[in-house]
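Residues per chain, in single letters:
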Amino acid sequence: MRETTFRVRTAEREQILLITSEVNAALAELGADDGICTIIVPHTTCAISVNEDADPDVRTDLVKALRALVPNVKFDHGEGNSDAHFLSMLIGCSLTWPYQRGKLALGRWQGVYFIELDGPRERNVRVYV
Ligand code: ZN
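Since the structure is predicted, the reported quantities are computational estimates derived from the model, not experimental observations.

A closer look at the overall build of the chain
1) Next: Scanning the chain for helices and strands turns up 3 helices and 8 strands.
2) Next: Across the chain, helices and strands are ordered from the amino to the carboxyl terminus as β-β-α-β-β-α-α-β-β-β-β.
3) Next: Whereas a compact globule of 129 residues would reach a radius of gyration of roughly 14 Å, the chain reaches 15 Å, a difference of no more than 12%.
4) Next: Across its three principal axes, the chain shows a C-alpha extent of roughly 50 × 30 × 20 Å.

Concerning the state of the cysteines
1) Next: Enumeration according to the criterion identifies 0 disulfides in this entry.
2) Next: Sulfur of Cys 37: no disulfide; nearest cysteine sulfur belongs to Cys 93 and is 15 Å away.
3) Next: A disulfide-free cysteine, Cys 93 has its sulfur positioned 8.3 Å from the sulfur of Cys 46, the nearest such atom.
4) Next: Among the residues examined, Cys 93 registers a relative accessible area of 38% and is labelled partly exposed.

Criteria and thresholds
- Residues numbered from 1 in each chain as written.
- Predicted model: local features only at pLDDT ≥ 70, side-chain atom pairs only at ≥ 80, totals over all residues.
- Heavy atoms only, no water.
- Helix = DSSP H or I, 4+ residues; strand = E, 2+ residues; numbered from the N terminus.
- Rg over C-alpha atoms; globule rule 2.2 N^0.38 Å.
- Disulfide = S-S within 2.5 Å.
- Buried < 20%, exposed > 50% of the residue type's maximum accessible area, 1.4 Å probe, protein only.

Shown next, in the form of structure tokens:
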């Protein structure tokens, strides 16, 4: 197995960034041709997913919807970021996806989302082939 890591810097507490080109660059760095990769975020208050990459309003709408998903729970965790832990767990911290000719095999409107839930921060994204 080969791996590489790239960094993502977020500017908001909750923010969705498109990282498709960074993942494809990581695949190129790894010399990947055809196969299946695993992409992880080694953190507990962010997430990774795939969704529409065309209209940026989708990403801001999804941030609004994610905020609305957090239930009215009295959290005990002293860092005050249990909402971020909760959403990270729901969305997930890894993706497994096929790639062909060195690029992710995504649908026409799909892009890879890095989902910040407790920013702004600098984060790691790891790609394994
Ligand atoms: Zn915490």
